[in-house]
Amino acid sequence: MMRGRSDGAQKKRLLTSVAVVAVFVVILYVYFGSKGNGESALEYGSRSLRKLGSSYLGGDDDSDLSSKQDEKFGLEDGEDGIIPKSFPVCDDRHSELIPCLDRHLIYQMRLKLDLNLMEHYERHCPLPERRYNCLIPPPAGYKVPIKWPRSRDEVWKANIPHTHLAHEKSDQNWMVVKGDKINFPGGGTHFHYGADKYIASIANMLNFPNNNLNNGGRIRTVFDVGCGVASFGGYLLSSDIIAMSLAPNDVHQNQIQFALERGIPAYLGVLGTKRLPYPSRSFEFAHCSRCRIDWLQRDGILLLELDRVLRPGGYFAYSSPEAYAQDEEDLRIWREMSALVERMCWKIAEKRNQTVIWVKPLNNDCYMERPAGTQPPLCQSDDDPDAVWGVNMEACITPYSEHDHKVSGSALAPWPARLTSPPPRLADFGYSTEMFEKDMEVWQRRVEHYWNLLSPKISSDSLRNIMDMKANLGSFAAALKDKDVWVMNVVSKDGPNTLKIVYDRGLIGTTHDWCEAFSTYPRTYDLLHAWSVFSDIEKKGCSGEDLLLEIDRILRPSGIVIFNDKQHVIDFVKKYLSALHWEAVADPTSDPDQEGDDIVFIIQKKLWLTSESIRDTE
């Protein structure tokens, strides 16, 4: 009887508790439901329908948003799909999420990666069912970035609240925290007294006129591997040199994020097992200042990858203890590295103080004269040196094309004439000089049309970091030559590999597949140009909604997106404006240089904060 009375009392207490909880849930539903009809940008991820924790990391779905793969994307019948009133907001801890470079995802997926080969810093993208479906929030106190050129030297600390490097590299002048800003004195591991003096010293070593590294426009594209916060690339810009600054998201936290916040061209990547996303013969000059790369590993495969992307007669400046230290280990590495580059037919152009500069041969003669069986071997004749997306590196030397061998170089005009001169590699695509010139004319008119539409919203210093999501021959970027901007030219891995034309014109860019996330931090670009990108991914069956979220992730608050696509694509984008907190800059207009229904539509991203960010700021 006592047991029976105890069970009855427990049931009564349980029913009471359930009723209290139910009433509480109803109150929350009514309260937050009414709040949800207001400004949805204040929704916080932990209260949203589909959190990043459940969708991106593979938990249970609790929203029909996850199952929707844009069934209506691309249809022109005017039928309305189910359009969400808002996207949930990711938890604040994901404010720096890079979906394809997310080590948490690697742990979740239990990928077996070789850490010694840096595979954990290479791209590993989530499967569709694991992708996030929420808006990446800005950090607490986020401000519209400082404008270029001031941004080269200072950024808001709140925008990248990481001071680890300031302490770790305090003796090298990488960066200094001053109040609510982070300052960049221009120092580096091997140039404590400033990148400008270091760059001048390298030019002096090569006897270039006026100690200017551009050498009369002959040095234009530079590859800076292990770039730190990209001060080397930042100080090259005043010499009309543009650098692709590369570093992984490793223990030196947020190097590339700092570089892009400063307005300096940069890209997240690593010399690991896959080829760099650049075609052969892209750079006139490569640079490594204490970049902590083991160039001797795997038969010199990383140095051979650097050789692949260097032009005929290209230079490699190497500032590292192996080039000057006298301890036994450094001397061993120097001897082995010297022997390797000699077999690769590189010569020492100059060696002084802490730096050695090697130069690559102008033609294939040295390769042909090597004794039989010399290692590393030449790459097989069927190897495409311009195939890069997901292609494994090879420990072999990439010989020059017949054209480059005959002319003993790339035969490119000096900068800036290079930008508008038809490059020799046009012939690889069957393009004529007339086609090239026509492309330039078309894009000049289009860019003028874009800027007329943008003029009410931007001033001369509004834009700095620009991405052309489908660059083709790079003529969009070329049309911006008189504006104080730089352009990341993106060429699809599926279309013609025109990225080598982009580099031959003295521009920079990368290969990418827009069915996946781009290798950059959130909030790193001021303007994205999406010319027929959505139509392209539609043909591949990829999600337009995913791409909209990716564009929003990349775009800075107050940033601009220019859509130039079919009418049904523009209609699709317009349905999501409120969900993404975007607003139209101008009414859609026809593309004056395109027959058919191609439409130009421009949006601007609003600056918004989560409720948690607002509380932290206050």
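All figures in this text were calculated on a predicted structure; none of them were measured in a lab. (Residues numbered from 1 in each chain as written. Predicted model: local features only at pLDDT ≥ 70, side-chain atom pairs only at ≥ 80, totals over all residues. Heavy atoms only, no water.)

**Q** How would you sum up the environment of Lys197? Please name residues and give values.
**A** If you trace the backbone, Lys197 turns up in helix H5 (residues 195-205). The class for Lys197 is exposed, based on a relative accessible area of 54%. Spatially, the C-alpha atom of Lys197 lies 9.8 Å from that of Gly186, the residues being 11 residues apart in sequence. (Helix = DSSP H or I, 4+ residues; strand = E, 2+ residues; numbered from the N terminus. Buried < 20%, exposed > 50% of the residue type's maximum accessible area, 1.4 Å probe, protein only.)

**Q** Let's hear about the sheet that holds strand E2 (residues 176-178): which residues, and what values?
**A** Within the open sheet, the 3 strands sit side by side as E1-E3-E2. Their pairing is antiparallel. Each edge of the open sheet is held by one strand with a lone partner, namely strand E1 (154-156) and E2. The average undirected angle you get between the axes of adjacent strands in this sheet is 30°. When E2 meets strand E3 (residues 181-183), the two strands line up antiparallel, connected through 3 bridges. Looking across to E3, one finds that Val177 is bridged to Ile182. (Pairing = 2+ DSSP bridges. Axes fitted to C-alpha atoms, helices over the stretch in contact; angles between N-to-C directions.)

**Q** Which residues make up the pattern of salt bridges, and what are the values?
**A** Taken as a whole, this structure holds 35 salt bridges when the rule is applied. Its salt-bridge partner being Lys457, residue Glu583 comes within 3.7 Å of it at the nearest N-O pair. Here Glu583 is found in strand E16 (residues 582-584), whereas its partner Lys457 is found in the loop between helix H13 (433-454) and strand E11 (465-468), with 126 residues between them in sequence. Take Glu583: its relative accessible area is 33%, and that puts it in the partly exposed class. Here Lys457 falls in the partly exposed class, since its relative accessible area comes to 36%. Salt bridges linked by common partners bring Glu284, Arg311, Arg418, Arg425 and Asp504 together as one network. (Salt bridge = Lys/Arg side-chain N within 4 Å of Asp/Glu carboxyl O.)

**Q** So what about the state of the cysteines? Which residues, and what values?
**A** Counting across every chain of the model gives 6 disulfides. Residue pairing for Cys90: its cysteine sulfur links by disulfide to Cys134, the two sulfurs lying 2.1 Å apart. When the S-S torsion is 90°, as for the bridge of Cys90 with Cys134, the disulfide is right-handed. Here Cys134 lies in the loop between helix H3 (103-109) and E1 and Cys90 lies in the loop between helix H2 (52-55) and H3, a separation of 44 residues in the sequence. Since its relative accessible area comes to 0%, Cys90 is described here as buried. The class of Cys134 is buried, set by a relative accessible area of 1%. In this model Cys100 forms its disulfide with Cys125; the gap between the sulfur atoms is 2.0 Å. Residues Cys100 and Cys125 share a disulfide whose torsion about the S-S bond is about 115°; that sign makes it right-handed. (Disulfide = S-S within 2.5 Å.)

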